[in-house]
Amino acid sequence: MTRARIIGMGAYAPKRVLSNADLERMVETSDEWIVQRSGIRERRIVDESEATSDLAVRAAHQALERANLVPEDIDFIVVGTTTPDMFFPSTGNIVQHRLGCRRVGSVDVLAACAASIYSLIIGARFIEAGKYRRVLCIGAETLSRITDFTDRGTCVLLADAAGAAVLEATEDGSGFLDGDLYSDGQYWDLLYMPAGGSRMPATAETVAQRQHYAKMKGSEVFKVAVRMFVESTSALLDRHGVKAQDVDIFIPHQANLRIIEAAAKRVGLPMEKVFVNVDRYGNTGAASVYVALEEAVATGRVKRGDLMLIAAFGGGFAWGAALVRW
Ligand code: UT7
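What counts and how
- Residues numbered from 1 in each chain as written.
- Predicted model: local features only at pLDDT ≥ 70, side-chain atom pairs only at ≥ 80, totals over all residues.
- Heavy atoms only, no water.
- Pairing = 2+ DSSP bridges.
- Helix = DSSP H or I, 4+ residues; strand = E, 2+ residues; numbered from the N terminus.
- Axes fitted to C-alpha atoms, helices over the stretch in contact; angles between N-to-C directions.
- Contact = heavy atoms within 4.5 Å.
- 1 Å grid on protein atoms, 1.4 Å probe; cavity = no way out; pocket = protein on both sides within 12 Å on 5 of 7 lines; lining within 4 Å.
- Points joined across faces, edges and corners; volume = space filled by probe spheres on them.
- Nonpolar A, V, L, I, M, F, W, Y, C, P; charged D, E, K, R; others polar.
- Salt bridge = Lys/Arg side-chain N within 4 Å of Asp/Glu carboxyl O.
- Buried < 20%, exposed > 50% of the residue type's maximum accessible area, 1.4 Å probe, protein only.
- Domains from an automatic or database assignment.
- Buried area = accessible area lost by both parts, 1.4 Å probe.
- Core = buried A, V, L, I, M, F, W, Y, C linked by side-chain atoms within 4.5 Å.

**Describing the sheet that holds strand E5 (residues 105–109)**
Piece 1. With mixed pairing, the five strands of this open sheet are ordered in space as E1-E7-E6-E4-E5. Strands at the two margins of the open sheet, each flanked by one partner only, are strand E1 (3–12) and E5. Recorded for the sheet is a direction-independent mean angle of 20 degrees between the axes of neighbouring strands.
Piece 2. Here strand E4 (residues 76–80) pairs with E5 via five bridges, running parallel. Note on E5: the bridge partner recorded for Ile-77 is Ser-106.
Piece 3. Sitting on the sheet, helix H3 (residues 52–66) is in contact with E1, strand E6 (134–142) and strand E7 (160–170), with an inclination near 125 degrees to E1.
Piece 4. Across the face of the sheet, helix H11 (residues 288–298) comes into contact with E1, E6 and E7 while running at roughly 95 degrees to E1.

**Some thoughts on the layout of surface pockets**
Piece 1. Roughly 150 Å³ of internal volume is contained in the second largest pocket.
Piece 2. If you trace the second largest pocket, you find it lined by Arg-16, Leu-18, Met-26, Ile-45, Val-46, Asp-47, Glu-48, Ser-144, Arg-145 and Phe-149.
Piece 3. Residue composition of the lining of the second largest pocket, grouped by class: five nonpolar, one polar and four charged.

**Looking at the pattern of salt bridges**
Piece 1. Taken as a whole and assessed by the stated rule, the structure comprises 15 salt bridges.
Piece 2. Two residues, Arg-98 and Asp-54, come together in a salt bridge whose shortest N-O distance is 2.8 Å. One end of the pair, Arg-98, is in helix H4 (residues 91–99); the other, Asp-54, is in helix H3, and 44 residues separate them in sequence.
Piece 3. Of the residues examined, Arg-98 reaches a relative accessible area of 40% and is grouped as partly exposed.
Piece 4. Residue Asp-54 is classed as partly exposed on the basis of its relative accessible area, which comes to 22%.
Piece 5. In this structure, Asp-148 engages Arg-210 in a salt bridge whose closest nitrogen and oxygen atoms are separated by 3.0 Å. Here Arg-210 lies in the loop between helix H7 (204–208) and strand E10 (215–216) and Asp-148 lies in the loop between E6 and helix H6 (152–155), a separation of 62 residues in the sequence.
Piece 6. Using a relative accessible area of 34% as the deciding quantity, one classes Arg-210 as partly exposed.
Piece 7. Linked through salt bridges whose partners overlap, the residues forming this network are Arg-125, Glu-128, Asp-178, Asp-180 and Arg-239.

**A word on H4**
Piece 1. Within H4, burial applies to Thr-91, Gly-92, Ile-94, Val-95, Gln-96 and Leu-99.
Piece 2. Of the residues trailing H4, Gly-100 is marked for its positive phi of about 85 degrees.

**Comments concerning the domain arrangement of the protein**
Piece 1. Segmenting the protein into domains produces domain 1 (3–172) and domain 2 (177–325).
Piece 2. For domain 1 versus domain 2, the separation of C-alpha centres amounts to 14 Å.
Piece 3. Across the interface of domain 1 and domain 2, roughly 3,700 Å² is buried in total on both sides, 65% from carbon and sulfur atoms.
Piece 4. Connecting domain 1 to domain 2 are four salt bridges.

**A closer look at the nonpolar core**
Piece 1. Membership of the largest hydrophobic core comes to 38 residues, with the highest contact counts inside it found for Leu-167, Phe-176, Ile-251, Met-308 and Ile-310.
Piece 2. Structurally, this core is a two-domain feature, drawing no fewer than three residues from each of domain 1 (3–172) and domain 2 (177–325).
Piece 3. One finds Leu-190, Ala-255, Ile-259 and Trp-319 within the second-largest nonpolar core, a separate group that totals 31 residues.

Here is the structure:
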């Protein structure tokens with residue numbers, strides 16, 4: 001059976017660090033509140049010259065190098081992002097050109113923070129179907145561009161980064177064993193950006209009313225997120241007859257340490273098996289799972305043969321989970 005295996009990971013975060021102390025000077029908040037409620041201590045933010053594709057291309061170069069491949073080897077590109085360079089063309093298109101890939105297909109996946117798991121599973125499915133041999137999957141965000149730095153409910157959480165994974169066909173039994181994607185649009189107004197689309201096109205008024213920023217009902221997102229994390233991962237594990245103790249490492253979407261802890265506890269996973277770097281990167285949306293996975297691999301937390309559980313959730317609501325034999 002053909003499966004998709006990750007053969008190279010890359011990640012890139014902008015140089016500029018935004019600490020909790022910096023945020024204390026911008027809105028009414030405190031380091032203590034942010035750390036207690038979210039686990040975040042600092043995050044990275046782009047400068048004026050950087051856009052999402054700039055981060056994506058850097059992460060992709062590193063992933064290709066580690067996979068010992070060149071851009072011409074890639075057969076398809078999937079970019080998960082909520083903050084594309086522009087409405088169109090897709091960021092995938094821009095990445096295809098800037099990397100110097102062949103004229104292969106490229107597409108953006110919009111699933112808010114769940115675009116990490118969406119892009120990975122879509123890439124894996126193309127490979128399993130026998131259509132492509134190597135797919136470049138990327139999660140990239142400049143969430144600071146849609147963050148209202150006068151809204152303390154969101155600006156302490158959201159951040160910028162990119163991660164990339166080169167997926168390759170394998171028959172050796174490793175790779176993506178299974179994955180599930182879900183959505184439920186009844187929750188759309190818990191986390192969304194009101195203006196700039198066809199529902200509310202950009203006008204001077206929408207700009208003045210700060211409608212081009214992410215709006216979030218944080219505590220409601222929190223509850224749904226934990227429920228979806230637990231439901232999707234439990235369903236996946238049950239279907240494969242895998243017990244929580246058989247999982248070697250859990251790579252969750254890095255939104256909030258409390259969400260991760262609550263979900264892990266309910267699934268029966270001790271925190272030693274959970275990879276966390278939200279303290280240093282904040283919530284980087286579609287990039288977060290990639291950035292966490294890259295660090296887990298680079299630091300030796302993941303070893304060949306490990307059974308890995310990946311899960312992410314985001315606005316929409318959209319969420320999903322995957323089981324991977326590394
Ligand atoms: O990828 C998905 C994206 N989103 C998320 O994952 C977010 C999910 N939600 C969360 O992470 C949490 O709900 C937050 C971290 C956003 C908030 O934590 P919470 O424990 O749910 O707090 P809360 O929203 O219930 O607010 C508690 C209080 C409120 O004040 P009052 O009404 O009790 O007086 C807020 O106004 O904390 C206040 N507050 C703040 N205080 C200091 C909200 N933001 C801040 C802040 N600093 N930054």
